[in-house]
Amino acid sequence: MAESSTSKGIGGRLRRASTSLVNANPQLGMWQATGTAIAQAPNLTELRVPEISDGIEFNAQGHSAQTAVREGDGDLILVKTATALGNQPTSDFSPASEAQGQTVPHPKRWQSFSEKYRDGPREKWGPTIKNGLRAFWKFFRTPSGFCIIIYFLNIVAWGAMLFFLLLKAAPAMNYPTADDDNSPRKKWLEIDSQILNALFCVTGFGLAPWRFRDLYYLIRAKFMQDKVAMRKLAAQNKGWFRPPAWACDDGDNSSNPGLGDECRTVETTEKPALTFTGNVAPPTALWKLGFNISMMVLNTLFQVVLSYFMWAYNRIDRPSWATGTFIGLGCGVSMFAGLMSWWEGRKVKKIEGPELKIIDQV
């Protein structure tokens, strides 16, 4: 009996852990994460306005955000940091609050922060540069920011070394000749290529479960009009993607309160759009989401082929075309996904401004 309960307890914990892991929302690629982070980064206006620059922070995915306190009359005031008001309840604005019967005060017409500080004083270039460096440090301290910077420093360093080795830029390694199989240059070309392949495996294989999960959600959302799947995809890609109207048109956010912030409605007289600018970005074309997910899946498949050639052959017998071809294909599809995320993310940021976190004043 004791062994049975112990086994059941361990099995239950493993099931809960696997479920929470599948439901996690990591960035699905370094190029995509970088493109979205750049699109959501503080712009020059935000760095030059003292009231805005003092409150710049970043969420776990490395996207810029601002924190505001909601006063008793429903008006919002920016605060410098999320800890300035102590342990008060914090949430992203969501219509789900009203769906659950909570009363959230809204003014008839509140002045958005972009309107409020549009004509305010501007910092000179010295303080603006300091604000930018301080914002970069905050970004670096986020999990995504740290991973993005460390990963790309490795890619740049080992990629640059590979580039110079291919150019035969180190004469001391070209002994007895540059193309001799036993020359230091050839040996370091292999070492460098294996290190880069390992770095690509981190994202290509490590993120594969979530990439294929999102492909499954995409199929359900596109061909079966599955609203839950669509909302999960919107939550995963909220830095650059806005869901279509049919995913949020039934007011069913109460069953998925964590996803309600992806179904924000446009501003009305009774319910203003509580974004930094007071506006909400229009729905993103669904083919763009499909393009991004397809590029991520292709990246994993190309990485499988590249790893086969890197691990199944030694450096002498390996086909000379294989390494360059599949490194290029893998990097190319990832770059396309990153460019799409950046392009759409900058449009969302331009319309909505940085993410707005609301603290209800007690």
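These numbers come from a predicted model, not from an experiment.

This brings us to the environment of Lys232. With respect to the secondary-structure elements, Lys232 resides in helix H11 (residues 227-236). Judged by relative accessible area, which is 31%, Lys232 ranks as partly exposed. C-alpha separation for the pair Lys232 and Asp214, spaced 18 residues apart in sequence, amounts to 8.7 Å.

Scanning the entire structure with this criterion turns up 17 aromatic pairs. A cation sits over an aromatic face here: Arg48 above Trp125, 5.3 Å from the ring centre. Between Lys222 and the ring centre of Phe223, over which it is positioned, the NZ or CZ distance is 6.0 Å.

Now for unusual backbone geometry. Between Tyr175 and Pro176 the backbone carries a cis peptide bond, its omega angle lying at 0°. The residue Pro176 is located in the loop between helix H8 (143-166) and helix H9 (184-206) in this model. Positive phi is not limited to glycine here, since Lys168 has a value of about 60°. The backbone of Gln225 shows a phi angle near 50°, a positive value even though the residue is not glycine. Within the secondary structure, Gln225 is located in the loop between helix H10 (208-224) and H11. By relative accessible area, Gln225 is classed as partly exposed at 44%.

Looking now at the layout of surface pockets. The volume enclosed by the largest pocket comes to roughly 490 Å³. If you go around the largest pocket, you meet 17 residues; those closest to its centre are Lys186, Leu189, Arg315, Arg318 and Ser320. By residue number, the principal contributor to the lining of the largest pocket is H9, which donates five residues. Broken down by class, the residue content of the lining of the largest pocket amounts to six nonpolar, four polar and seven charged.

Moving on: the packing of H9 against H10. At a closest axis distance of 5 Å, the pairing of H9 and H10 adopts a crossing angle of 40°. Compared by their axis directions, H9 and H10 come out oblique. Contacts between H9 and H10 involve Thr203, Gly204, Phe205 and Gly206 on the former and, on the latter, Ala208, Pro209, Trp210 and Arg211. Here the residues of the contact of H9 with H10 sort into four nonpolar, three polar and one charged.

Criteria and cut-off values
- Residues numbered from 1 in each chain as written.
- Predicted model: local features only at pLDDT ≥ 70, side-chain atom pairs only at ≥ 80, totals over all residues.
- Heavy atoms only, no water.
- Helix = DSSP H or I, 4+ residues; strand = E, 2+ residues; numbered from the N terminus.
- Buried < 20%, exposed > 50% of the residue type's maximum accessible area, 1.4 Å probe, protein only.
- Phe/Tyr/Trp six-rings, centres within 6.5 Å; stacked < 30°, edge-to-face > 60°.
- Lys NZ or Arg CZ within 6 Å of the ring centre and 35° of its normal.
- 1 Å grid on protein atoms, 1.4 Å probe; cavity = no way out; pocket = protein on both sides within 12 Å on 5 of 7 lines; lining within 4 Å.
- Points joined across faces, edges and corners; volume = space filled by probe spheres on them.
- Nonpolar A, V, L, I, M, F, W, Y, C, P; charged D, E, K, R; others polar.
- Axes fitted to C-alpha atoms, helices over the stretch in contact; angles between N-to-C directions.
- Parallel < 35°, antiparallel > 145°, perpendicular 65-115°, else oblique.
- Contact = heavy atoms within 4.5 Å.

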